[in-house]
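# Results of the structural survey
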Amino acid sequence: MEVEESSPIELKPVKRSYFVLMVLGWTLASAVIITYFFFSTFFPEFSPIDPGDAGIAFLVVPGFCGFVTGAMLSEFDEKVAVYSSFILTGMAIGLIFVVLFLPLITGTVQDMTQLGSTDQERQSVVLSSIFLLPISLIGSIAGKAFGEVYLPSDEDRIARKLLIKDTKRWHDMLQSYIREKVRKEKEEAKEPEEEPEEED
Amino acid sequence: MNKLVRLIGISFIVISLLSFGLLYVTSVNYLNYTETASEIPQNIEISEVRIPLITDESQDQTVEVLFTVSNPSSLTIYVTGIEAYIYMDNLSDTRPFLGKMNEILVGIGQFNLQKADSHIIRPGESMTIPVRMTVSGGSVFMSILNTTANGKYYPYVFGTLWFTFEYIDLIEVVRGVSFLGSRGVEPY
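My aim in this report is to walk through the structure given alongside it, one point at a time. (Residues numbered from 1 in each chain as written. Chains lettered and ligands numbered in written order. Predicted model: local features only at pLDDT ≥ 70, side-chain atom pairs only at ≥ 80, totals over all residues. Heavy atoms only, no water.)

Each helix and strand counted, chain B has 3 helices and 10 strands in total. When the helices and strands of chain B are placed in sequence order, the string is α-β-β-β-α-β-β-β-α-β-β-β-β. The globule rule puts the C-alpha radius of gyration for 188 residues at 16 Å, and the 24 Å found for chain B is more than 25% above it. Seen along its three principal axes, the alpha-carbon backbone of chain B occupies a region of about 90 × 30 × 25 Å. Within chain B, contacts between residues at least 6 apart in sequence are counted, and of these 71% link residues at least 24 apart. Of the roughly 9700 Å² of accessible surface on chain B, a fraction of 53% belongs to carbon and sulfur atoms. Side-chain charges in chain B split into 11 positive and 18 negative, and the spacing between the mean points of these groups amounts to 11 Å. (Helix = DSSP H or I, 4+ residues; strand = E, 2+ residues; numbered from the N terminus. Rg over C-alpha atoms; globule rule 2.2 N^0.38 Å. Contact = heavy atoms within 4.5 Å. Areas by Shrake-Rupley, 256 points an atom, 1.4 Å probe, with all protein chains shown as cover. Lys, Arg positive; Asp, Glu negative; His and termini not counted. Charge placed at Lys NZ, Arg CZ, Asp CG, Glu CD.)

Shown next, in the form of structure tokens:
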């Protein structure tokens, strides 16, 4: 059996900048989607399209975004999926607050009472935004699991194939080794039986 | 990166960019709405109250209140309704206004329009909107209206104005638009 000395895939260590870029990129993309749906659900009159039912913004969108983020970051550790959901929620809440207080930030109005949203609406937004974390966390973990099983990278796939091939080869070698050993043991067991015959 | 991951990634980025565009428009609308809603109340005034010279109290008379609305904001507004409570002060009654307001009420002039028929004021424009009230001849309100001192009327007007926006279906109410005719109004 031919043994491959070197693998065609070199598993390079992940660069820190690549890792940071990936995490920030995917979490920011998710946060933007969540922010739009979240804000437009509370203030549908400002949205150019109908954002749909509130359940979409509170449950479906954070879960979906967390899932995709987890799947996209599935090449990294499990803890990255957890951290990314925290970053994603933080970014989304930050963006929601920025949009909510945009007239104050830009200096359009000087007073909270002049904002286009009421105190009650703002309180609802703040309280509801807390629920983004558990939903995006569940989505992220599920996405990570899905990504690992169904969306491995080409490198990972080849590495897995090589691993399967190697394992099979080692399995075959072990089988033949065991068979050989068993055969030798049987032969050794037969030899003492033959020896007394020769003595006689 | 395999093809399926690439496809999911690109689709997700497209959704994200689309959401960013929608979020931008939503934010601008929110910003403009806040700006308009905070600026319009300071730009509404009752510029004139027109009361005819009443020579015969048995005939119906029309009082006209002119509301001037300026729109310094960046959104077009639609004035859908105005309500004006018109009082006529009797200078011989020295009580403060709150003490005699029920006795000097002449009537309410108002209109309510659908958005399509409303008064449209574009950014940077001003408009004078008349609100008319007809007082029936021979009524007690006619005698209240026909109260003059030194040949002048001394009306008080308290108005409420409703307006909405071009692309935003929210109705704003501006209360307390007032006209205090302490200097008197010449009849026309």
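Between chain B and chain A, the contact holds 28 residues from the first and 34 residues from the second. Summing both partners gives a buried area of about 2800 Å² for chain B against chain A, and 79% of it is carried by carbon and sulfur. Summed over the three residues of chain B that lose the most area to chain A, namely Phe12, Leu23 and Tyr30 of chain B, the buried surface amounts to 26% of that side. Counting the contacts that link chain B with chain A gives 0 salt bridges. The residue makeup of the side of chain B that touches chain A, split by class, is 17 nonpolar, 9 polar and 2 charged. (Buried area = accessible area lost by both parts, 1.4 Å probe. Salt bridge = Lys/Arg side-chain N within 4 Å of Asp/Glu carboxyl O. Nonpolar A, V, L, I, M, F, W, Y, C, P; charged D, E, K, R; others polar.)

Now for the nonpolar core. Membership of the largest hydrophobic core comes to 75 residues, with the highest contact counts inside it found for Phe67 and Leu145 of chain B. Tallying contributions element by element places helix α1 (residues 16–42) of chain A first for this core, with 11 residues. When sequence neighbours within four positions are dropped, the list of residues in contact with Leu145 of chain B reads Ile51, Ile54, Gln61, Val63, Met88, Val106, Val135 and Tyr153 of chain B. (Core = buried A, V, L, I, M, F, W, Y, C linked by side-chain atoms within 4.5 Å. Buried < 20%, exposed > 50% of the residue type's maximum accessible area, 1.4 Å probe, protein only.)

A separate point is the pairing of strand β10 (residues 172–180) of chain B. Residue and element names in this part refer to chain B. The pairing of strand β9 (residues 155–165) with β10 spans 7 bridges and is antiparallel. Within β10, the position partnered with Leu161 by the bridge is Val174. Here β9 folds back onto β10 in antiparallel fashion, the turn holding 6 residues. (Pairing = 2+ DSSP bridges.)

Here the focus is the sheet that holds strand β1 (residues 44–50) of chain B. All names here are of chain B. Judged by pairing direction, the sheet is antiparallel, and its 3 strands sit side by side in the order β1-β2-β6 without closing on themselves. A single partner strand is all that each edge strand has here, and the edge strands are β1 and β6 (126–135). Taken pair by pair, the neighbouring strands of this sheet meet at an average axis angle of 25°, ignoring direction. Where strand β2 (residues 61–70) meets β6, 10 bridges bridge the pair, whose relative direction is antiparallel. In the strand pairing of β6, Leu66 is matched with Pro130. (Axes fitted to C-alpha atoms, helices over the stretch in contact; angles between N-to-C directions.)

Once that is clear, we can look at a nonpolar patch on the surface. The grouping of Ile56, Leu59, Val60 and Phe64 of chain A together with Ile15 of chain B at the surface amounts to a nonpolar patch, some 410 Å² of accessible area in total. Position of Ile56 of chain A relative to the elements: it lies in helix α2 (residues 54–72). (Patch = residues over 30% accessible without salt bridge, like charges linked within 9 Å, V, L, I, M, F, W, Y side chains within 5 Å.)

By convention here, two paired aromatic rings are described through the distance between centres and the angle between planes. Under the defined criterion, the tally for this structure stands at 23 aromatic pairs over all chains. Both rings, one in Phe19 of chain A and one in Phe76 of chain A, keep their centres 5.0 Å apart while their planes meet at 85°; by these two values the pair is edge-to-face. Of the two residues, Phe19 of chain A sits in helix α1 while Phe76 of chain A sits in the loop between α2 and α3 (78–100), which places them 57 residues apart along the sequence. Residue class for Phe76 of chain A comes out buried when judged on its relative accessible area of 7%. Taken together, Phe39, Phe43 and Phe46 of chain A together with Tyr30, Tyr33, Phe163 and Phe165 of chain B form an aromatic cluster joined through their ring pairs. Stacked on the ring of Tyr188 of chain B, the Lys or Arg Arg50 of chain B has its end atom at 4.9 Å from the ring centre. Seen from the ring of Tyr78 of chain B, Lys115 of chain B lies directly overhead, with NZ or CZ sitting 5.2 Å from the centre. (Phe/Tyr/Trp six-rings, centres within 6.5 Å; stacked < 30°, edge-to-face > 60°. Lys NZ or Arg CZ within 6 Å of the ring centre and 35° of its normal.)

This brings us to helix α6 (residues 132–150) of chain A. Residues and elements named next belong to chain A. Between its first and last C-alpha atoms α6 spans 26 Å; for 19 residues at 1.5 Å apiece the expected length is 27 Å, and the two agree. Among the residues of α6, Leu132, Ile135, Ser136, Gly139, Ser140, Gly143, Lys144 and Gly147 are the ones counted as buried. In this fold, the buried residues of α6 make contact with α1, α2, α3 and α5 (119–129). (Expected span 1.5 Å × (residues − 1).)

All right, on to the pattern of salt bridges then. Working definition: two side chains of opposite charge can pair if their charged atoms are close together. All names here are of chain B. Going through the model one piece at a time under the given rule, you end up with 12 salt bridges over all chains. With its nearest N and O atoms 3.7 Å apart, the salt bridge here joins Glu48 to Arg50. Put simply, Lys100 and Asp89 hold a salt bridge, and the shortest N to O gap is 2.7 Å. You can see Lys100 sitting in helix α2 (residues 97–100) and its partner Asp89 sitting in the loop between β3 (77–88) and α2, a full 11 residues away along the chain. Connected through shared salt-bridge partners, Glu48, Arg50, Glu64 and Arg132 make up one network.

Now for unusual backbone geometry. Unusually for a residue other than glycine, Asn150 of chain B sits at a positive phi of about 60°. Turning to its location among the elements, Asn150 of chain B is positioned in the loop between β7 (148–149) and β8 (152–153).

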